[in-house]
Amino acid sequence: MLSVLYVDDEPGLLDIGKIFLERGGNLMVDIVLSPLEALSLLTKSTYDCVISDYQMPEMDGLEFLKEVRKTWHTLPFILFTGKGREDVVIDALNNGADFYLQKGGEPRSQFAELEYKVRLAAERIKVSEELRNSQRMLEDLIDFLPDPTFAIDLNGKVIAWNRAVEEMSGIRKGEIIGQGNQIYSLYLFGEKGPLLIDHVLHDFPETTVMYPTITRKGNKLIAERYVPMLNGGTGGYLWLVTSPIYNSEGTIIGAIESIRDITTRKKAEEEVKAAYEQLAAAEEELRQQFEDLARNEKQIRDSERRLNDIISFLPDATFAIDLNGTVIAWNNAIEEMTGIERSEILGTDDFSYAEPFWGCRRPMLIDVVLRSNLSIENYYKNLTKKGDKYFSEMEVPHIYEGKGGYFWFTATPLYNSEGEVIGAIESIRDVTDHKREQDELKAAYEQLTATEEELRQQYKDLAWGEARIREDEGFIRDVFSSIQDGITVLDTDLRIIKANPAMDEFSADDTSVTGKKCHEVYYHSSTPCEDCPAIRTLRTGHPAHKIIKGRGNGEKVGSLDVYSYPLFDSAAGKITGVIEYVRGITDRQKSSENRDSGDENPGSPQ
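Residues numbered from 1 in each chain as written. Predicted model: local features only at pLDDT ≥ 70, side-chain atom pairs only at ≥ 80, totals over all residues. Heavy atoms only, no water.

*Asks:* Could you give an account of the packing of helix 2 (residues 35–42) against helix 3 (residues 61–71), naming the residues involved and the relevant values?
*Replies:* The N-to-C vectors of helix 2 and helix 3 enclose an angle of 15 degrees; their axes lie 11 Å apart at closest approach. Taken together, the axes of helix 2 and helix 3 lie roughly parallel to each other. Between helix 2 and helix 3 the crossing geometry is right-handed. For the pair helix 2 and helix 3, contact is made by Pro 35, Ala 38, Leu 39 and Leu 42 and by Phe 64, Glu 67 and Val 68, respectively. (Axes fitted to C-alpha atoms, helices over the stretch in contact; angles between N-to-C directions. Helix = DSSP H or I, 4+ residues; strand = E, 2+ residues; numbered from the N terminus. Parallel < 35°, antiparallel > 145°, perpendicular 65-115°, else oblique. Left-handed = near helix turned anticlockwise from the far one by under 90°. Contact = heavy atoms within 4.5 Å.)

*Asks:* I'd love a proper account of empty space enclosed by the protein, names of residues and values included.
*Replies:* All told, the structure shown has 4 cavities of 30 Å³ or more when counted by the stated rule. Of the pockets and cavities examined, the largest cavity occupies roughly 90 Å³. What lines the largest cavity is simply Asp 140, Asp 143, Phe 144, Arg 163, Asp 388, Lys 389, Thr 412, Pro 413, Leu 414, Tyr 415 and Ile 425. Elements that contribute at least two residues to the lining of the largest cavity include exactly helix 5 (107–144) and strand 16 (405–415). Counting residues per element, the lining of the largest cavity draws most heavily on strand 16, which supplies 4 residues. Taken together, the residues of the lining of the largest cavity break down into 5 nonpolar, 1 polar and 5 charged. (1 Å grid on protein atoms, 1.4 Å probe; cavity = no way out; pocket = protein on both sides within 12 Å on 5 of 7 lines; lining within 4 Å. Points joined across faces, edges and corners; volume = space filled by probe spheres on them. Nonpolar A, V, L, I, M, F, W, Y, C, P; charged D, E, K, R; others polar.)

*Asks:* Describe the layout of surface pockets, and please don't skip the residues or the numbers.
*Replies:* In this structure, the second largest pocket occupies an estimated 400 Å³ of space. Taken together, 20 residues make up the lining of the second largest pocket; nearest its centre are Pro 146, Ala 164, Glu 167, Lys 386 and Lys 389. Elements with a contribution of two residues or more to the lining of the second largest pocket: helix 5, helix 6 (163–169), strand 11 (252–261), strand 15 (389–396) and strand 16. It is helix 6 that provides the largest number of residues to the lining of the second largest pocket, a total of 4 residues. The residue makeup of the lining of the second largest pocket, split by class, is 10 nonpolar, 2 polar and 8 charged.

*Asks:* Just give me the short version of the sheet that holds strand 15, but keep the residues and values in it.
*Replies:* With antiparallel pairing, 6 strands are arranged side by side in an open sheet as 13-12-17-16-15-14. Edge positions in the sheet fall to strand 13 (327–330) and strand 14 (383–386), since each has one partner strand and no second. Shown here is a sheet whose adjacent strand axes are inclined to one another by a mean of 20 degrees, direction ignored. (Pairing = 2+ DSSP bridges.)

*Asks:* Could you give an account of unusual backbone geometry, with specific residues and numbers?
*Replies:* A negative phi angle characterises most non-glycine residues, just as the trans form characterises most peptide bonds. Its identity as a non-glycine residue notwithstanding, Asp 350 has a phi of 55 degrees, on the positive side. Among the structural elements, Asp 350 can be located in the loop between helix 15 (342–345) and helix 16 (355–358). Look at Asp 350 and you get partly exposed, because its relative accessible area is 48%. A positive phi is found at Leu 494, a non-glycine position, where the angle reads about 70 degrees. As for its placement among the helices and strands, Leu 494 is situated in the loop between strand 18 (486–490) and strand 19 (496–499). (Buried < 20%, exposed > 50% of the residue type's maximum accessible area, 1.4 Å probe, protein only.)

*Asks:* I'd like a description of the nonpolar core, backed by residues and values.
*Replies:* In this structure, Phe 319, Tyr 353, Phe 357, Trp 358, Met 364, Phe 409 and Ile 428 are the most contacted members of the largest nonpolar core, which totals 29 residues. Where this core is concerned, the elements lending two or more residues are strand 12 (317–322), strand 13, helix 14 (332–338), helix 16, helix 17 (365–370), strand 15, strand 16 and strand 17 (421–430). Sorting elements by how many residues they give to this core places helix 17 first, with 4 residues. Not counting residues up to four positions away in its chain, the partners in contact with Ile 428 are Asp 316, Ala 317, Phe 319, Ile 334, Met 337, Phe 357, Met 364, Phe 407, Trp 408 and Phe 409. If you look at the next biggest cluster of nonpolar residues, it comprises 27 residues, including Val 158, Leu 195, Val 200 and Tyr 211. (Core = buried A, V, L, I, M, F, W, Y, C linked by side-chain atoms within 4.5 Å.)

*Asks:* Tell me about the confidence of the model for the protein, and please be specific about residues and values.
*Replies:* As a note on interpretation, predicted positions should not be read in detail where pLDDT is low. Overall, the prediction assigns the protein a mean pLDDT of 81, with 85% of residues at 70 or greater. For the stretch residues 293–304, pLDDT sits under 50, and the model shows 42 contacts to residues farther than four places along the chain or on other chains. The low-confidence segment residues 476–481, where pLDDT is below 50, has 4 contacts with residues more than four positions distant or belonging to other chains. (pLDDT = per-residue confidence, 0-100.)

*Asks:* An account of the sheet that holds strand 7 (residues 158–161) is requested, with residue identities and associated values reported.
*Replies:* Taken in spatial order, the 6 strands make up an open sheet running 7-6-11-10-9-8, and their pairing is antiparallel. The open sheet has two edge strands with one neighbour each: strand 7 and strand 8 (214–217). Taking the axes of each pair of neighbouring strands and ignoring which way they run, one obtains an average angle of 20 degrees across the sheet. Here 4 bridges tie strand 8 to strand 9 (residues 220–227), and the two strands are oriented antiparallel to one another.

*Asks:* Go over the side chain of Ser 564, please, and point to the residues and values.
*Replies:* Looking at where Ser 564 falls in the secondary structure, it is placed in strand 21 (residues 557–569). Reaching out from Ser 564, the side chain makes a polar contact with the side chain of Thr 537 at a distance of 2.6 Å. Apart from the residues within four sequence positions on either side, Ser 564 is in contact with Pro 533, Ala 534, Thr 537, Pro 543, Ala 544, Val 578, Ile 579 and Glu 580. (Polar contact = N/O pair within 3.5 Å; in protein donor to acceptor, adjacent residues only side chain to side chain.)

*Asks:* If you had to explain helix 1 (residues 11–23) to someone new, which residues and values would you point to?
*Replies:* For helix 1, which comprises 13 residues, the first-to-last C-alpha distance of 18 Å matches the rise-based estimate of 18 Å (1.5 Å per residue) to within 8%. Buried within helix 1 are the following residues: Leu 14, Gly 17 and Leu 21. All buried residues of helix 1 project into a common sector of 65 degrees when viewed along the axis, lining one side. Positive backbone phi, at 80 degrees, marks Gly 25, one or two positions downstream of helix 1. (Expected span 1.5 Å × (residues − 1). Arc of directions from axis to C-beta.)

*Asks:* Give a detailed account of the pattern of salt bridges, specifying residues and quantitative values.
*Replies:* Evaluated as defined, the whole model comprises 18 salt bridges. A salt bridge links Arg 119 to Glu 115; the shortest N-O distance between them is 3.8 Å. In this pair, Arg 119 and Glu 115 both sit in helix 5, 4 residues apart, roughly one turn of the helix. A relative accessible area of 11% places Glu 115 in the buried class. For Arg 361, the salt bridge is made with Asp 350, and the minimal N-O distance between the two is 3.8 Å. Of the two residues, Arg 361 is situated in the loop between helix 16 and helix 17 and Asp 350 in the loop between helix 15 and helix 16; the sequence distance between them amounts to 11 residues. With relative accessibility at 42%, the residue Arg 361 sits in the partly exposed group. (Salt bridge = Lys/Arg side-chain N within 4 Å of Asp/Glu carboxyl O.)

*Asks:* Describe in detail the packing of aromatic side chains, supporting the description with residues and values.
*Replies:* The description of an aromatic ring pair rests on the distance of the ring centres and on the angle between the ring planes. This model, assessed by the stated rule, comprises 15 aromatic pairs. On the basis of an interplanar angle of 45 degrees and a centroid distance of 5.3 Å, the ring pair of Phe 150 and Tyr 184 is categorised as tilted. Of this pair, Phe 150 sits in strand 6 (residues 149–153) while Tyr 184 sits in helix 8 (residues 183–189), and the two are 34 residues apart along the sequence. Like Phe 150, the residue Tyr 184 is buried in the burial classification. A centroid spacing of 5.7 Å and a plane angle of 50 degrees characterise the contact between Phe 319 and Trp 330, whose relative ring orientation is tilted. Pair noted here: Phe 319 is in strand 12 and Trp 330 is in strand 13, with a separation of 11 residues, a long-range link. For the pair formed by Phe 319 and Trp 330, the shared burial category is buried. (Phe/Tyr/Trp six-rings, centres within 6.5 Å; stacked < 30°, edge-to-face > 60°.)

Written out as structure tokens, the structure is:
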């Protein structure tokens, strides 16, 4: 029910108006005889609308309107008077009146129209407030992204610039919002030109120079790039993903790009490679341990529309709650991580979001954002705070059906347009592989240190083989550098439409494998293999795995560890092909067979 303040110097008209306006049960009307009394009442009570006469002795309706607007800027105001001059109407509307209604005529229809205009004016304010809150939440969500993120419209003008990209570029949001002409490329990379975000909206051939490899998944583009000016001029590597932004009608209205500094990961990969080379010169068994540490992260992020699009665009598992602890957002990544669909958990409360991670209902990092006095040190051992954000890293034993994992957590408040906290959002990143790589690399180095003295004592015994090692050194280096994983993209006919250089080793005639069918490449057959993983993925829409016997260049028989993943076209709503991940595991199998058979000679041919 709407609360209305009705001002008129005619008591009879006030009484009649109150009766008619309250008859429908939608309005509750307070009546006063003067604007001064009305202004006093406005300071004590809250109203959804003011109705005022024009001609009154103390203060006319226009003067009253101006006084109201000084304090209550958005309060709906309707001028209801017998005065019908056009200049009065114009002055009323220019000074912030929402509607002007002239008295006269049949009371029932007249007050019905007045009631309609009251409800319409109140609804306008409500819609406007919801729009402001939605816009503020959208901006907060973009600012919340831990990775530098910005967005442009179809004209290339910057429409979003989050805190992380401010820190990366040194350019504040207020300095760049509304600018175009690809100025953001100068601030980000020290040179002006089209970036990946421009390429997603328009085809810029020159972007292939900046990004040696660009991968497309649905409507997203993913690339890596080396930037010399990064990290204080020492250089670094960036991982970038960009996607179109759609309006409610499904029309592209711009694009958004997220940037992640992967320099540390690249350095870690180089350290692993260096460790492999050191082990290869010392002992085959140690070299094999370092080979098993070589893993490549896959980073695939979805993007959808508007507010839900932004949340779904987050590559990390993300959810949000309101002040009552009720789940209001649950993105695609957290669905995959927990196995709980969005429809199952939205609207639930009482720490329901904690069960997939901890096996019980208990506070999480997101709760301390809303209740600073909440003690969660017993749950989060490594807890830090920066501004209004909280961070933690720890092991989660109950996730992934009890297999557990190691995760990075971050949580921050959500604000409305008035700057009031209306909820909180938490992002969860699975860093299990990275943590395991660090632990295994540390363990391998410790093992190297432990065996260093033993290897030094064995040096004299190994001296006789120095000449042979020198002869074979080039061969071993070539063999080592050729150990890599193959990646292919197949169409629905199992034909290879794209392949990385590692796949050329499977070609029988030293030509590219592109254009050939996978079974023609792997084992030179005109028909697919039995229980083909690619066919299973095309049929079921789920990943598949199989170890097959394949033939490489020169008809060499070997074992291949093949994983297939669906290539989904979100726009067409169907699977358009398969991504195959191929690793040669012949040496590993033979090494396993030798160990099983009791072969103690680590230098024997594999």
